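Chains, contacts and geometry: an overview
In case you want the letters, here they are:
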Amino acid sequence: MAQSLAAFNTFGVEATCDNLFRFTSEQEIQDWLAGMPIPPKEFFVLGGGSNLLLLGHVPLTFLKADIQGVDYQESGDEVLVTAGAGVNWHDLVLDSIDKGYAGLENLSLIPGNVGAAPIQNIGAYGVELEQLFVSLNAVDLFSGEKRVFEHEACEFAYRDSVFKQRHRGQYMITSVTLRLRKKPELVLTYGPLSALKDRCDELTPADVSNEVIRIRQSKLPDPQKLGNAGSFFKNPVISKKAFKRLQTNYPEVVAYPVDDSHMKLAAGWLIDQCGLKGYRQGDAGVHQQQALVLVNHGDASGRDIVQLAGHVRDTVLAKFEVRLEPEVWIIGEQDIF
Ligand SMILES: Cc1cc2nc3c(=O)[nH]c(=O)nc-3n(C[C@H](O)[C@H](O)[C@H](O)COP(=O)(O)OP(=O)(O)OC[C@H]3O[C@@H](n4cnc5c(N)ncnc54)[C@H](O)[C@@H]3O)c2cc1C
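Everything numeric in this text was worked out from a predicted model, so none of it was measured.

1. Focus: helix α6 (residues 302–320)
- For α6, built from 19 residues, the straight-helix expectation of 27 Å at 1.5 Å per residue is met to within 8% by its first-to-last C-alpha distance of 27 Å.
- Residues of α6 that are buried include every one of G302, I305, V306, L308, A309, V312, V316 and F320, and no others. End-on, the buried residues of α6 take up no more than an arc of 160 degrees, which puts them together on one face. Set apart from the buried face of α6 by more than 90 degrees, the exposed residues are G310 and A318.

2. Some words on the environment of V70
- For V70, the location among the structural elements is in strand β6 (residues 70–75).
- Its 16 C-beta neighbours within 10 Å are what place V70 among the partly exposed residues.
- Taking the C-alpha atoms as reference, V70 lies 9.1 Å from D95; in sequence the two are 25 residues apart.
- Here V70 is in contact with V81, A83, V87, L92 and D95, once residues within four sequence places are set aside.

3. Quick notes on the site of the ligand
- Around the ligand sit 33 residues in total, of which G47, G48, G112, G115 and G230 are the nearest.
- Counting only elements with at least two residues in the shell around the ligand, the list comes to β3 (43–46), β8 (123–124), β12 (171–181) and β13 (227–231).
- When its residues are assigned to classes, the shell around the ligand shows 20 nonpolar, 13 polar and no charged.

4. So, the domain arrangement of the protein chain
- Annotation of the protein chain at the domain level lists domain 1 (3–65), domain 2 (70–219) and domain 3 (227–332).
- Between domain 1 and domain 2, the residue contacts involve 15 residues of the former and 17 residues of the latter.
- At the level of elements, α1 (26–34), β3 and β5 (57–65) are the ones that each hand at least two residues to the side of domain 1 that touches domain 2.
- Here the side of domain 1 that touches domain 2 is composed, by residue class, of 8 nonpolar, 6 polar and 1 charged.

5. Some thoughts on the nonpolar core
- Of all hydrophobic cores here, the largest spans 82 residues; its most connected members are M172, I271, L294 and I305.
- The leading source of residues in this core is α6, at 7 residues.
- Excluding anything up to four places from it in sequence, I305 contacts F11, L53, A284, L294, N296 and A300.

Here is what the cut-offs are and how they apply
- Residues numbered from 1 in each chain as written.
- Predicted model: local features only at pLDDT ≥ 70, side-chain atom pairs only at ≥ 80, totals over all residues.
- Helix = DSSP H or I, 4+ residues; strand = E, 2+ residues; numbered from the N terminus.
- Expected span 1.5 Å × (residues − 1).
- Buried ≥ 20, exposed ≤ 12 C-beta atoms within 10 Å, placed from the backbone.
- Arc of directions from axis to C-beta.
- Contact = placed C-beta atoms within 7 Å.
- Near = placed C-beta within 6 Å.
- Nonpolar A, V, L, I, M, F, W, Y, C, P; charged D, E, K, R; others polar.
- Domains from an automatic or database assignment.
- Core = buried A, V, L, I, M, F, W, Y, C linked by C-beta atoms within 7 Å.

Shown next as structure tokens:
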């Protein structure tokens with residue numbers, strides 16, 4: 001019987017899947033796989049559902065890693081923290097700060113669970129997961145074997161990893177180990193945090209975390225009140241040559257250098273310049289304050305939101321000749337995006 005996913009996606013859209021199984025240990029997953037006749041290609045691993053857009057009925061069996069537990073191991077100036085895949089990400093951030101460890105403060109208030117964090121190498125306010133990442137444990141859904149992935153094997157990049165590429169859908173991550181510091185090295189380089197630079201010496205990781213929380217709460221809609229999945233599109237990375245061309249027509253274009261030959265454009269700025277901030281198609285809308293966030297004003301379906309996303313992408317392409325790619329996973333019967 002189809003299982004409702006309405007409570008398992010932060011867009012709050014009605015959707016169903018074939019089945020949903022939940023696991024609280026690695027062994028439970030392995031035992032279940034050993035007796036399961038469903039081909040692994042028909043599985044989808046679910047975390048907190050904060051980076052998904054579900055289209056109607058998803059004809060897959062959903063597997064949810066609810067593995068809990070957080071363990072800290074101090075070693076010299078550092079501490080290794082290992083957290084179960086089902087631990088809420090923000091709870092881990094707060095717990096580590098509470099224990100006096102630094103490193104996760106800029107990543108405060110990102111929704112979702114620990115197990116999903118390496119998938120798109122979550123990042124915010126100048127810090128990406130990969131800067132703290134040591135290793136992860138996973139179960140291969142194809143073979144049932146356990147596997148450890150060290151940093152290099154994850155092939156992290158901007159909102160990307162091997163788990164979105166070659167190993168897409170193959171592994172269920174069961175725990176993640178990160179390297180934190182006892183002595184803070186605060187990162188205050190990015191956007192609004194740079195206003196804190198003058199007070200750098202007196203600030204603690206808790207202060208930075210509180211500031212990140214304050215900024216995020218003032219800018220981003222709370223999914224509990226207005227369904228959304230954060231940034232819908234990735235910030236497009238283009239060559240410096242293409243950027244110079246764009247800058248000729250739009251001198252005020254917002255962008256950040258990535259390396260010697262690439263620039264990252266602010267996708268929200270591109271959407272805003274198309275006059276789409278606050279734009280609505282029924283209950284599917286572009287957020288009034290944050291053009292990069294698509295929202296469900298109430299009764300939008302996954303299909304309504306994907307159609308709006310298509311309109312946004314096409315409008316930006318027509319104006320700037322830059323193609324936006326979704327950051328959100330769009331899954332369902334028919335991927336029309
Ligand atoms: C308001 C808001 C703000 C956000 N801000 C940010 C931000 O600043 N930076 C950022 O990077 N992201 C942000 N996001 C996106 C989202 O929070 C992250 O991508 C998060 O890591 C998703 O976690 P999740 O547990 O909800 O994953 P889900 O949405 O459930 O799944 C996301 C992907 O991870 C896979 N996955 C989940 N768990 C596992 C597992 N245990 N093993 C293997 N695969 C797994 C799923 O199959 C899917 O492919 C935001 C989202 C919202 C709603």
